[in-house]
Amino acid sequence: MKNTKTHWIIGAIALLVLPLILQSFGNAWVRIADLALLYVLLALGLNIVVGYAGLLDLGYVAFYAVGAYLFGLLASPHLADNFEAVARMFPDGLHISLWLVIPVAALLAAFFGALLGAPTLKLRGDYLAIVTLGFGEIIRIFLNNLDHPVNLTNGPKGLGQIDSVKIFGLDLGRRLELFGYDINSVTLYYYLFLVLVVVSVVICYRLQDSRIGRAWMAIREDEIAAKAMGINTRNMKLLAFGMGASFGGVSGAMFGAFQGFVSPESFSLMESVMIVAMVVLGGIGHIPGVILGAVLLSALPEVLRYVAGPLQAMTDGRLDSAILRQLLIALAMIIVMLLRPRGLWPAPEHGKSLAQKA
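Residues numbered from 1 in each chain as written. Predicted model: local features only at pLDDT ≥ 70, side-chain atom pairs only at ≥ 80, totals over all residues. Heavy atoms only, no water.

Trainee: So what's going on with the packing of aromatic side chains? Which residues, and what values?
Mentor: Any pair of aromatic rings gets described here by the distance separating the centres and the angle formed by the planes. Enumeration according to the criterion identifies twelve aromatic pairs in this entry. Plain terms: the ring middles of tyrosine 64 and phenylalanine 267 are 5.5 Å apart, the flat faces sit at 85 degrees to each other, and that makes the pair edge-to-face. A residue pair is termed long-range when its members are at least 10 positions apart, and tyrosine 64 in helix α3 (residues 61-74) and phenylalanine 267 in the loop between α11 (233-259) and α12 (269-282) qualify at 203 residues. On the basis of relative accessible area, tyrosine 64 is assigned to the buried category, the value being 3%. Relative to phenylalanine 258, the ring of phenylalanine 193 lies with its centre 5.7 Å away and its plane at 75 degrees, an arrangement referred to as edge-to-face. Within this pair, whereas phenylalanine 193 is found in helix α8 (residues 185-208), its partner phenylalanine 258 is found in helix α11, the two being separated by 65 residues in sequence. When its relative accessible area of 8% is taken as the criterion, phenylalanine 258 is described as buried. What links up through ring pairs into an aromatic cluster is the set Tyr64, Tyr69, Phe255 and Phe267. (Phe/Tyr/Trp six-rings, centres within 6.5 Å; stacked < 30°, edge-to-face > 60°. Helix = DSSP H or I, 4+ residues; strand = E, 2+ residues; numbered from the N terminus. Buried < 20%, exposed > 50% of the residue type's maximum accessible area, 1.4 Å probe, protein only.)

Put into structure tokens, the structure is as follows:
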């Protein structure tokens, strides 16, 4: 017990000190850590749908886009510039507080999640994957084309001039000087994202051990048997889609604030595939494994930039470094799945976990 507490304390200190160390090597490394935390949020949300309830969702990036565009519209001058009614009510533009945007983003994404889940309740496996994939693409195409006749999303040009996050008067978009030490904006965002990840992990663990989590796992193992035991599979599936989507909405809102700009290109099918890969490679249904998979797969492309460059030089520039990087990522994923088919950190078997608890 004492060793476990020691490990938790060491881990917490390491996470708090990490951005300050990375900052000395350049803001790019802290930025990679920030994006890794956002992907952890996304992977935890998708794990509720895929890992707990066993519903394959290939359009998860749609909820990420919903959260990002919601924050972009509510925290930028776009609506005031394009709609006279909004301009009269808010002459300086909409600049709504983050504390209001986060719950609204979670609720709106949950609504879209339930909207996706409602017509797919009787679908399973490949059919469900195809429908969710189409949903993700439809949302991206809508965002790309909703600039005419009414300019709502600004189309492929995206939304800019998005406000940075302000917490209790502290603007995370500006560097902070504390005791003579400069803390950069990306480092401040790191701590905000870390708090959100910790809260999300606690929620996921509470869900996992709750009656709802057990019901989801029963549906995942055998839906017919779960229904026969009295579980309302329809409501449980809708709840899984809604809960998972809400994580994506919050993560999207944070992405919009962090980037200061959102466009449809950030929410392509490849993003959805990568988030699914994070859950599968880490270990489906196992929270530590999902976090590990998200951190590795989000950081790997950036680290491989330093490998792809020399390889490109060896081929006299005939191969594009971006293509080489994708090739190396694909090879790494294939090797992991061959050596660890259940993921890098799979969930313990049910019998073993029950025996350990007993």
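Trainee: Now, about the layout of surface pockets: what can you tell me, with residues and values included?
Mentor: Reported here for the largest pocket is a volume of approximately 1,000 Å³. When residues in the lining of the largest pocket are grouped by element, the largest group, nine residues, is from helix α1 (residues 2-23). Of the residues that constitute the lining of the largest pocket, the class distribution is 26 nonpolar, three polar and no charged. (1 Å grid on protein atoms, 1.4 Å probe; cavity = no way out; pocket = protein on both sides within 12 Å on 5 of 7 lines; lining within 4 Å. Points joined across faces, edges and corners; volume = space filled by probe spheres on them. Nonpolar A, V, L, I, M, F, W, Y, C, P; charged D, E, K, R; others polar.)

Fair warning: the whole summary comes from geometry, so function is off the table for now.
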